[in-house]
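Residue-level structural notes
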Amino acid sequence: MTEVRQEVLLGNEAVARGLVEAGCHVVASYPGTPSSEILPGVVRFKKELDLNTHVEWSINEKVAYEVALAASYTSKRAAVIMKQVGLNVAADPLMSSAYTGVKGGFVVISCDDPGPHSSQTEQDTRFFAMFAKVPALDPSSPREARDMVKAAFELSEKYYIPVILRPAIRICHARQNIAFRPVPELERAATFEKDPDRWAATPRFRYVLHKELNEKLKAIEADFEQSELNVRHEGWDNRLGFIAGGASYSILLDTLREMGLEGQFPILKISTPHPLPQQLVADFIAGCERVLVLEEPDAVIELQIWDKSKVLGRLTGTVPAAGELGPEVTYRILVGLVEELGLPVGPYLDLEELDKLVADLELPVRRSRLCAGCPHRAAFYALRRTLGSKAIYPSDIGCYTLGLNLRAVDTCLDMGGAVTIASGLYHAYHQDGKDVVVAATIGDSTFLHAGIPPLASAVHNQAHFILAILDNSITAMTGMQPTADSGLLADGRMGNRVAIKDLVQACGVKFIEEMDPYRVKDFEALVKRARDYIRQEDGGVAVIISKRPCPLYDPTPLRENPVRVTVTEECDDCKYCLTAFECPALVLDEDLGRVVIDRRICADCGVCIQVCHKGFIVEEPLQ
Amino acid sequence: MNLQLILSGVGGQGILFATRIFSTLALEQGYNVIGSETHGMAQRGGSVISHLKIGDYSSPLVRQGTADLLLSFDRDEAYRTLGFLKRGGLCFVNSPKEDFWDPSIKGYLEKNEIRAYSFPADKVALALGAPRSANLALIGYALSVPGVPFTYEDIRETIVRVSPPRFRDVNLTAFDTGYRGEKSIPPKVGGDRGGAQ
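From a predicted model like this one, the values you see are computed outputs, not experimental measurements. (Residues numbered from 1 in each chain as written. Chains lettered and ligands numbered in written order. Predicted model: local features only at pLDDT ≥ 70, side-chain atom pairs only at ≥ 80, totals over all residues. Heavy atoms only, no water.)

**As for the overall build of chain B**
The secondary structure content of chain B amounts to seven helices and six strands. Taken from the N to the C terminus, the helices and strands of chain B come in the order β-α-β-β-β-α-β-α-β-α-α-α-α. Burial analysis of chain B (197 residues in total) assigns 60% to the buried set. Total accessible area computed for chain B in this model is approximately 7,500 Å², and 50% of it derives from carbon and sulfur atoms. (Helix = DSSP H or I, 4+ residues; strand = E, 2+ residues; numbered from the N terminus. Buried < 20%, exposed > 50% of the residue type's maximum accessible area, 1.4 Å probe, protein only. Areas by Shrake-Rupley, 256 points an atom, 1.4 Å probe, with all protein chains shown as cover.)

**With respect to the sheet that holds strand E2 (residues 33-36) of chain B**
Pairing is mixed across the open sheet formed by eight strands, whose spatial order is E1(A)-E8(A)-E2(B)-E3(B)-E1(B)-E4(B)-E5(B)-E6(B). Bordering the open sheet on either side are strand E1 (6-10) of chain A together with strand E6 (115-119) of chain B, each of which pairs with just one other strand. Pairs of neighbouring strands in the sheet enclose a mean axial angle of 20°, with direction left out of account. (Pairing = 2+ DSSP bridges. Axes fitted to C-alpha atoms, helices over the stretch in contact; angles between N-to-C directions.)

**A short note on the domain arrangement of chain A**
Domain boundaries in chain A define domain 1 (6-223), domain 2 (231-360), domain 3 (375-554) and domain 4 (562-619). Computed from C-alpha atoms alone, the centre-to-centre distance between domain 2 of chain A and domain 4 of chain A is 52 Å. (Domains from an automatic or database assignment.)

**A closer look at the interface of chain B and chain A**
A common measure of how large an interface is: the accessible area buried when the components associate. Across the contact, 52 residues belong to chain B and 54 residues belong to chain A. For the pairing of chain B and chain A, the buried interface totals around 4,400 Å² over both sides, and the portion due to carbon and sulfur atoms is 55%. When the shortest N-O distance is used, the salt bridge between Arg 63 of chain B and Glu 258 of chain A registers 3.0 Å. For the side of chain B that touches chain A, the secondary structure elements donating two or more residues are strand E1 (3-10), helix H1 (15-28), E2, strand E3 (47-54), helix H2 (75-81), strand E5 (85-94) and helix H3 (103-111) of chain B. Taken together, the residues of the side of chain B that touches chain A break down into 18 nonpolar, 18 polar and 16 charged. Direction of pairing for strand E8 (residues 174-179) of chain A relative to E2 of chain B: antiparallel, over a ladder of three bridges. By the bridge assignment for E2 of chain B, Ala 174 of chain A is matched with Ser 36 of chain B. (Contact = heavy atoms within 4.5 Å. Buried area = accessible area lost by both parts, 1.4 Å probe. Salt bridge = Lys/Arg side-chain N within 4 Å of Asp/Glu carboxyl O. Nonpolar A, V, L, I, M, F, W, Y, C, P; charged D, E, K, R; others polar.)

**Considering helix H21 (residues 520-535) of chain A**
All names here are of chain A. Taking 1.5 Å of rise per residue, the 16 residues of H21 would be expected to cover 22 Å, and the 23 Å separating its terminal C-alpha atoms lies within 8% of that figure. Within the span of H21, buried status applies to Val 520, Phe 523, Glu 524, Leu 526, Val 527, Ala 530, Arg 531, Tyr 533 and Ile 534. Elements that come into contact with the buried residues of H21 comprise helix H16 (375-387), strand E17 (465-471), strand E18 (511-515) and strand E19 (541-547). (Expected span 1.5 Å × (residues − 1).)

**Some remarks on the side chain of Glu 56 of chain A**
Residues and elements named next belong to chain A. Mapping Glu 56 onto the fold places it in strand E3 (residues 54-57). Here Glu 56 occupies a buried position and makes no salt bridge, while the nearest side chain of opposite charge, Arg 493, is found at 9.1 Å. For Glu 56, the side chain forms a polar contact with the side chain of His 54, separated by 3.0 Å. Excluding residues that lie within four positions of it along the chain, Glu 56 makes contacts with Val 27, Ala 28, Ser 29, Leu 39, Val 67 and Ala 490. (Lys, Arg positive; Asp, Glu negative; His and termini not counted. Polar contact = N/O pair within 3.5 Å; in protein donor to acceptor, adjacent residues only side chain to side chain.)

**Overview of the side chain of Gln 84 of chain A**
All names here are of chain A. Looking at the secondary structure, you find Gln 84 in helix H4 (residues 84-89). Separated by 3.4 Å, the side chains of Gln 84 and Ser 119 make a polar contact. Leaving out residues up to four positions away in the same chain, Gln 84 has contacts with Ser 110, Cys 111, Asp 112, Asp 113, Ser 119, Thr 121, Gln 123 and Thr 125.

**Focus: the pattern of salt bridges**
Residue and element names in this part refer to chain A. The final tally for this structure, using the stated rule, is 53 salt bridges over all chains. Arg 166 serves as the salt-bridge partner of Asp 138, at 2.8 Å between the closest nitrogen and oxygen. Of the two residues, Asp 138 sits in the loop between strand E6 (136-137) and helix H7 (142-159) while Arg 166 sits in the loop between strand E7 (163-165) and helix H8 (169-172), which places them 28 residues apart along the sequence. When its relative accessible area of 2% is taken as the criterion, Arg 166 is described as buried. Salt-bridge contacts for Glu 524 lead to Arg 385; the nearest nitrogen and oxygen are separated by 3.4 Å. Taken together, the residues span a long stretch of sequence, with Glu 524 in helix H21 and Arg 385 in helix H16 at a distance of 139 residues. Shared partners join several salt bridges into a network, and the residues in it are Asp 112, Asp 124, Arg 126, Asp 138, Arg 166 and Glu 295.

**Observations concerning the sheet that holds E17 of chain A**
Residues and elements named next belong to chain A. One open sheet holds the four strands; their spatial order is E16-E17-E19-E18, and the pairing between them is parallel. This sheet does not close on itself; its edge strands, each paired only once, are strand E16 (439-443) and E18. The mean angle between the axes of side-by-side strands here comes to 20°, regardless of whether they run parallel or antiparallel. Across five bridges, the pairing between E16 and E17 is parallel. What sits directly across from Gly 443, in E17, is Leu 470. Where helix H17 (residues 417-430) meets the sheet, it contacts E16 and E17, and its direction lies at approximately 165° from that of E16.

**Some points on the pairing of strand E4 (residues 67-72) of chain B**
In summary, the side chains of a regular strand alternate between the two faces of the sheet. All names here are of chain B. Counting buried residues in E4 gives six out of six residues, a clear majority hidden from the surface. Pairing geometry for E1 and E4, over four bridges, is parallel. Bridging across to E4, Leu 7 finds its partner in Leu 71. Pairing between E4 and E5: five bridges, direction parallel. Looking at E5, one finds that Ser 72 is bridged to Val 93.

**Section: the confidence of the model for chain B**
Residue and element names in this part refer to chain B. Here chain B averages 88 in pLDDT, and 89% of its residues register 70 or above. Mean pLDDT per element in chain B: helix H4 (residues 121-127) is the minimum at 92, and E4 is the maximum at 97. A low-confidence stretch, residues 186-197 stays under pLDDT 50, and its non-local contacts, those more than four residues away or across chains, total 29 contacts. Interface confidence in the predicted complex, given as ipTM, is 0.89; pTM for the same model is 0.94. (pLDDT = per-residue confidence, 0-100.)

**Notes on the state of the cysteines**
Going through the model one piece at a time under the given rule, you end up with zero disulfides over all chains. Here Cys 371 of chain A stays unpaired: no disulfide links it, and the sulfur of Cys 374 of chain A, its closest cysteine neighbor, is 6.3 Å away. (Disulfide = S-S within 2.5 Å.)

Written out as structure tokens, the structure is:
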């Protein structure tokens, strides 16, 4: 007997395992919390099992979507992975491919972030499934997420349709023990069968395809009525019933058990939120006096229910309309409903009392900030110091959004938004005859993702602003995924390098300079030159490439050339370094009445020496 | 066994590694494990909290007021996550001062029969020349107190297996020192940048 290998997997690794166990041939992704660990998981299994899977970090989600989709055209199994807002970027091919359909199984994995914890919106991917008219599956645990990948491929191949798998953050970042299943060898030679009425359909044929899509959806709904993915738990008290899916379902189960109500109320678990199996849901509701719908982040199941007269949920205000539906919120809702039924609710701790006591302690707020040694901090410091508070600082999505703390980030809209907002701000002021200094910041990966067309457009339309591309050689925020500029591929091999500098040049930018931001004074001088350039009538966009690797990604430069700093006893506690530079390794020692270095986190970058104009931060004398 | 644990602190304190020790051991003992961790923006110096549920559970999150055990690697985070503990729960906090709780919170602990212990794990680890092994010192200390349903031997064995080779010895030393409850160690000459992951 072969031993079943079991491992505690992150939800995202479980999805990766599901992909290899489904024999998926092509996997493309762009990183974004909470989805980032899925592709590296596939790489891990590919290496361990010596698989021939094509894996790639594409330059953005639209590209990833289309690369994977094309593999499906050739009858292979393919998947594209992204975070929920990434699907906005890939919305164009999603909508169109729903009509054209697919050939080999094609699964769109889009990870939601109720909360939100690490996103600009709490948008619900399941709405995209409704919008595009494609089915969506919603796992309630890592183990189920692994299993659903296979179900998604089978559904996709049965109806030749893209299938969305929507794990939410509490599934992606949950850990659970999972027994591995064998990885099959799925032979699928690439075969693209020409069918222009489908793959190159003109509007006349699109109408035909739309009708076909509607038929597919009807058939899929009929399948979902019988699907084992949806589970009905009976209960002996039908005064209340629950319809729940995803993490909300798991949280409901644990909460009911903790309340001693396991088995009391009927529960309908919906893992197929779109298309909703209407008959299954209607039958369930008919057997209950009232039904609470628990789902997140939005009311996708609830909105689809035909007869809502007995339904409680977000639309009735029973469930909050924003924020995560965690165990505490679920518990509060349940306590309210259970008390209405006249049932006893067990004793619970007075957490409100504790919350108040803790609030009275006025603990220091622990806000997220750039790491010690972060090159972005040095760049922001120089920008802000040179351009002051009158300049406007559009920024973008990444670690460097935390430049907020250094007051060098004024806007953060979406991927690539720094460049377009800078351009729009310039024109809005310029037409009034007032020219403000606009200094935008964007990371290397974000620039490659969505900054190139905005830059070309800004140059073409004669915008004047400074664009600092914060090139730390890596996609740091999401866990160190390589960029096209580095040339590294998803599986660690070397590909072709696409240099940011060359791209900037090709966009028509005339002012391009690279600088190590650790050289604060030189960087400040460069910012001044850039400002002078954008103020010239014949100036334009000035691009500064701030170049220094993320020390978490590549610690070698600092290890080889450490600058060990110390604060002299003369430090007069003026707090300038604490507010203007905000390095977590600079801490105020209340007892000493001066700033000290937190040796546990100091990265030995030495940049703060250039920040203390009084000269109280110095290189530690050699002993 | 049904056990709910919360591990809290700030990024860089090895909370995920500490969680892994418990989950690996529980799995080996034949239990199901499920839990949840912090990623992304929240990791940049923000609070980090790890949930671990061992036994028959469906959801990865521990509800406030229900945890059996809280291990906090930071005093402020201990205050912030104290609400996770159930009545009669057990709590271990990394703190240089033994009796650090604010009097108002002490009242809460007593009223709810929460047993709270503190141990200067940072200090101990720093003295060992391995500041980043504080997580293991605190775990070691916790195992010396009755009520944690794991044995010293089993956890030690697990540390051996899950530690990367170059950190194994220093991790074990920190763990053992914590277990013996030794709070002051003669300072070791040289580096203060050792580490454990």
